[in-house]
Amino acid sequence: GCGETPHATLITQMLGRRLVIVNAKGCSIMWGGAKCWVPCTTDKNGRGAAWGNSLFEDNAEFGSGQFIAIMQQRLQLVHRMKVVVMNTAS
């Protein structure tokens, strides 16, 4: 709702680039999607939280897909690092 703006500012200050926000369109699109002002903070390089919107009907699936994609990328990185370690150890 409309009272979430200070919470979005605080959580992006705390988590920065590690934060992924998945949002259903509604009242929060008024503050979260505005081009002239967004409550999400950024670092000195202008990078901040990732933001994605979906429709009300599929927000849970959209958020779940974002989570699964991030976890898959992390697992792939771990696998690649293990291969590198195994190849350099022998």
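The structure this text deals with has already been given above.
Scoring rules and cut-offs
- Residues numbered from 1 in each chain as written.
- Predicted model: local features only at pLDDT ≥ 70, side-chain atom pairs only at ≥ 80, totals over all residues.
- Heavy atoms only, no water.
- Helix = DSSP H or I, 4+ residues; strand = E, 2+ residues; numbered from the N terminus.
- Buried < 20%, exposed > 50% of the residue type's maximum accessible area, 1.4 Å probe, protein only.
- Contact = heavy atoms within 4.5 Å.
- Patch = residues over 30% accessible without salt bridge, like charges linked within 9 Å, V, L, I, M, F, W, Y side chains within 5 Å.
- Areas by Shrake-Rupley, 256 points an atom, 1.4 Å probe, with all protein chains shown as cover.
- Salt bridge = Lys/Arg side-chain N within 4 Å of Asp/Glu carboxyl O.
- Expected span 1.5 Å × (residues − 1).
- Arc of directions from axis to C-beta.
- Polar contact = N/O pair within 3.5 Å; in protein donor to acceptor, adjacent residues only side chain to side chain.

1. A closer look at the overall build of the protein
Phase 1 of the analysis: Secondary structure assignment for the protein yields three helices and two strands.
Phase 2 of the analysis: Of the regular secondary structure in the protein, the N- to C-terminal order runs α-β-α-β-α.
Phase 3 of the analysis: Scored against the burial criterion, the 90 residues of the protein give a buried share of 18%.
Phase 4 of the analysis: Contacts in the protein between residues at least 24 apart in sequence constitute 72% of all its contacts with a sequence separation of at least 6.

2. With respect to a nonpolar patch on the surface
Phase 1 of the analysis: Where nonpolar side chains cluster on the molecular surface, the patch consists of Leu10, Ile11, Met14 and Leu15 and spans about 350 Å² of accessible area.
Phase 2 of the analysis: Here Met14 is to be found in helix α1 (residues 5–15).

3. Notes on helix α3 (residues 59–89)
Phase 1 of the analysis: Here α3 contains 31 residues, and its C-alpha end-to-end distance of 45 Å stays within 8% of the 45 Å for a straight helix at 1.5 Å per residue.
Phase 2 of the analysis: Buried residues are scarce in α3, accounting for zero of its 31 residues.

4. Re the environment of Ala50
Phase 1 of the analysis: Relative to the helices and strands, Ala50 is located in strand β2 (residues 50–54).
Phase 2 of the analysis: For the pair formed by Ala50 and Cys40, sequence separation is ten residues and the distance between their alpha carbons is 9.4 Å.
Phase 3 of the analysis: Among residues more than four places away in sequence, those in contact with Ala50 are Leu19, Val20 and Ile21.

5. A short note on the environment of Ser54
Phase 1 of the analysis: Following the sequence through the fold, Ser54 ends up in strand β2.
Phase 2 of the analysis: Accessibility expressed as a relative area gives 6% for Ser54, which makes it buried.

6. Thoughts on α1
Phase 1 of the analysis: For α1, every residue scored as buried is listed here: Thr5, Ala8 and Thr12. Seen along its axis, α1 keeps its buried residues to an arc of 60°; they face one direction. Residues of α1 that are exposed and point over 90 degrees away from its buried face: Pro6, His7, Gln13 and Met14.
Phase 2 of the analysis: Just downstream of α1, Gly16 is the residue with a positive phi angle, here 55°.

7. Describing the side chain of Thr12
Phase 1 of the analysis: Position of Thr12 relative to the elements: it lies in helix α1.
Phase 2 of the analysis: Its relative accessible area of 2% is what places Thr12 among the buried residues.
Phase 3 of the analysis: A distance of 2.9 Å separates the side chain of Thr12 from the backbone oxygen of Thr9, its partner in a polar contact.

8. Here's the deal with the environment of Trp51
Phase 1 of the analysis: Relative to the elements of secondary structure, Trp51 occurs in strand β2.
Phase 2 of the analysis: Taking the C-alpha atoms as reference, Trp51 lies 9.3 Å from Cys40; in sequence the two are eleven residues apart.

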